[in-house]
Amino acid sequence: MDFTFTEEQQAAVEAAKAVFGGVAPDAVPSPAVTAGAVADDFDRALWARLADADLLSLLLAAEYGGAGLDAIALCLVLREAAKVLARVPLLESSAAAVAVQAYGGEELKAELLARAGRGEVVLTVAANGRTGHDPAELAVTARRDGDAWVLDGVQTAVPWAENADFTVVPATVVPAHTGGGRTVLALVPRVHEGVVLGEQISTSGERLGELRLESARITARDVMEADGAWEWLRELLATGTCALALGLGERVLAMTSAYTGKREQFGFPVATFQAVAVQAADRYIDLRAMEATLWQAAWRISTGAGGALPASGDVAVAKIWASEGVRRVVQTAQHLHGGFGADVDYPLHRYHAWAKQLELSLGPAAAHEEALGDLLAAHPLG
């Protein structure tokens, strides 16, 4: 197994480090002391710097002003973003744009992609369904009506919905004679007849949106009907979320190492105590497992390479480790920091809140283990 990154991927990491180097995790009020959202909008200044560094167009083809890189490069950049709790829809907008590139019509691609790569258009994805527990594609129905599609349903906890220009919404086609049961992806404008947004607040204090569609008419040009489009986009989003969990966990363990190396008890740094060292070592193992499974999943998505199981199996394994691992890392960090970890003037509590939001976004490890078991049953390993 060779996880050596290409020169282009490494260049993306260096560019990301340069952009994120000046980002302060505590630039907005703490979610622990804020009744509503910590801010009304994402970090537009950082978004502009990402666009200037060509990091919003990493996955886009050269004809749209992009670098033509892959999911691995995106995950490398997301890893750096999570280390500073970057408040930008980098994952959602990048994933939605590359889905349009892969599955959208020529007119839609020409209209949207170059502008998205320059940061002029912001995209997000409704991936949480009606409740956050049911499949997202079942929360909205789509029926063909002449040269348009009519959407009805509700999607909850849509990230950055209040600020994105368009939301990619998966929907199940009805009735049966029009191909019922298959999933299409509709590009829904934020301001549009039949589109109602309700504010929700995430665990990390960021604004989410409940997206309610009431007979919203979307032109056929803005609907992607290709088979497998939603499955591919869903796996890319999940893998990107695993990358965010990895970057956050690495930063938290580094903070813990620095703190326990300075904090003394009985005249010695607490990092020299066996109980502390063992706990930190266990979390280091979690992070390395999160990293290995992340790159395996990203590689499968990027290359389309075959395997004993479909790529969704590798994504499920990455989600198992990320969901459990990021929780264990921040819990151990809080324990080893003592009461200092809960101090709102110290950034660790912010990382804890973001880690919990990522864990909720990924879903419980048990659910991914069940999905992996179903895949193993359907694809016996020879």
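See the structure above.
**Q** Outline the nonpolar core, supporting the account with residue identities and numerical values.
**A** Grouped together as the largest cluster of nonpolar side chains are 91 residues, with contacts concentrated most on Phe20, Leu50, Leu233 and Leu248. Among all residues touching Leu233, those that are not within four sequence positions of it are Ala95, Ala96, Ala99, Val125, Val168 and Leu185. Within the second largest apolar cluster, 19 residues are counted, among which are Ala161, Val184, Ala186 and Val223.

**Q** I'd like a description of the packing of aromatic side chains, backed by residues and values.
**A** Counted under the stated rule, the structure contains four aromatic pairs. Consider the rings of Tyr103 and Trp232, whose centres lie 6.1 Å apart with planes at 65°: the pair is edge-to-face. You can see Tyr103 sitting in helix 4 (residues 90-103) and its partner Trp232 sitting in helix 6 (residues 229-262), a full 129 residues away along the chain. Residue classification places Trp232 among the partly exposed residues on the basis of a relative accessible area of 23%. An aromatic cluster of three or more residues is present, and its members are Phe42, Trp47 and Trp160. Its guanidinium or amino end placed over the ring of Tyr284, Arg288 lies 5.0 Å from that ring's centre, counting from NZ or CZ.

**Q** Give me the environment of Glu210: which residues, what numbers.
**A** Tracing the backbone shows Glu210 in strand 7 (residues 207-219). With a relative accessible area of 25%, Glu210 lands in the partly exposed category. Between the C-alpha atoms of Glu210 and Val158, which are 52 residues apart in sequence, the distance is 6.3 Å. Glu210 has contacts with Val154, Gln155, Thr156, Val196, Leu197, Gly198 and Gln200, leaving out every residue within four places of it along the chain. Polar contacts involving the side chain of Glu210 include one to the side chain of Arg212, which spans 3.4 Å.

**Q** Please give an account of the packing of helix 1 (residues 7-20) against helix 3 (residues 71-83) that cites residues and values.
**A** Two elements in contact, helix 1 and helix 3, have axes separated by 9 Å at closest approach and are oriented at 25°. Looking at the two axes, helix 1 sits roughly parallel to helix 3. Note on packing geometry: the crossing formed by helix 1 with helix 3 is right-handed. Across from Gln9, Ala12, Val13, Ala16, Lys17 and Phe20 in helix 1, the residues of helix 3 making contact are Ile72, Ala73, Leu76, Val77, Glu80 and Ala81. Class assignment of the residues belonging to the contact of helix 1 with helix 3 gives a composition of nine nonpolar, one polar and two charged.

**Q** Could you give an account of the pattern of salt bridges, naming the residues involved and the relevant values?
**A** Under the criterion given, the structure shown has 28 salt bridges. For Glu291, the salt bridge identified is with Arg79, shortest N-O distance 3.2 Å. In this pair, Glu291 is assigned in helix 7 (residues 274-303) and Arg79 in helix 3, connecting sequence segments 212 residues apart. With a relative accessible area of 19%, Glu291 lands in the buried category.

**Q** Hey, could you go over the side chain of Arg300 for me, with residue numbers and the actual values?
**A** With respect to the helices and strands, the residue Arg300 is situated in helix 7. One polar contact links the side chain of Arg300 to the main-chain carbonyl oxygen of Ala305, over a distance of 2.7 Å. When near neighbours in sequence (up to four residues on either side) are disregarded, Arg300 contacts Ala305, Gly306, Gly307, Leu309, Pro310, Ala311 and Asp314.

**Q** I'd like to hear about helix 5 (residues 106-117), residue by residue, with values.
**A** Between the first and last C-alpha of helix 5 there are 16 Å, a value that for twelve residues agrees with the 16 Å anticipated at 1.5 Å per step. Looking one or two residues past helix 5, Gly119 carries a phi angle of roughly 80°, positive in sign.

**Q** Break down the environment of Asp70 for me, with residues and values.
**A** With respect to the secondary-structure elements, Asp70 resides in the loop between helix 2 (44-52) and helix 3. With residues near it in sequence (within four places) discarded, Asp70 still touches Gln9, Leu59 and Ser302.

**Q** Go over the packing of helix 6 against helix 9 (residues 348-362) with me, naming the residues and quoting the values.
**A** At their nearest, the axes of helix 6 and helix 9 sit 10 Å apart, and the two run at 155° to each other. In terms of axis orientation, helix 6 runs roughly antiparallel to helix 9. The two elements helix 6 and helix 9 meet at a crossing, and its hand is left-handed. Of the residues in helix 9, those touching helix 6 at Ala238, Thr241, Cys242, Leu244, Ala245, Leu248, Arg251, Val252 and Met255 are Leu348, Tyr351, Trp354, Ala355, Leu358, Ser361 and Leu362.

**Q** Residue-level account of the pairing of strand 4 (residues 166-173), with values.
**A** Summarising burial for strand 4: seven of the eight residues are buried, a large majority. One ladder, built from three bridges, connects strand 1 (residues 123-125) with strand 4; its direction is parallel. The residue of strand 4 that forms the bridge with Leu123 is Phe166. Relative to strand 4, strand 2 (residues 140-145) runs parallel, the two sharing two bridges. Among the inter-strand pairings, Thr141 is bridged to a residue of strand 4, identified as Thr172. Pairing analysis gives seven bridges linking strand 4 to strand 5 (residues 183-189), with the strands arranged antiparallel.

Rules behind the numbers
Residues numbered from 1 in each chain as written. Predicted model: local features only at pLDDT ≥ 70, side-chain atom pairs only at ≥ 80, totals over all residues. Heavy atoms only, no water. Core = buried A, V, L, I, M, F, W, Y, C linked by side-chain atoms within 4.5 Å. Buried < 20%, exposed > 50% of the residue type's maximum accessible area, 1.4 Å probe, protein only. Contact = heavy atoms within 4.5 Å. Phe/Tyr/Trp six-rings, centres within 6.5 Å; stacked < 30°, edge-to-face > 60°. Helix = DSSP H or I, 4+ residues; strand = E, 2+ residues; numbered from the N terminus. Lys NZ or Arg CZ within 6 Å of the ring centre and 35° of its normal. Polar contact = N/O pair within 3.5 Å; in protein donor to acceptor, adjacent residues only side chain to side chain. Axes fitted to C-alpha atoms, helices over the stretch in contact; angles between N-to-C directions. Parallel < 35°, antiparallel > 145°, perpendicular 65-115°, else oblique. Left-handed = near helix turned anticlockwise from the far one by under 90°. Nonpolar A, V, L, I, M, F, W, Y, C, P; charged D, E, K, R; others polar. Salt bridge = Lys/Arg side-chain N within 4 Å of Asp/Glu carboxyl O. Expected span 1.5 Å × (residues − 1). Pairing = 2+ DSSP bridges.

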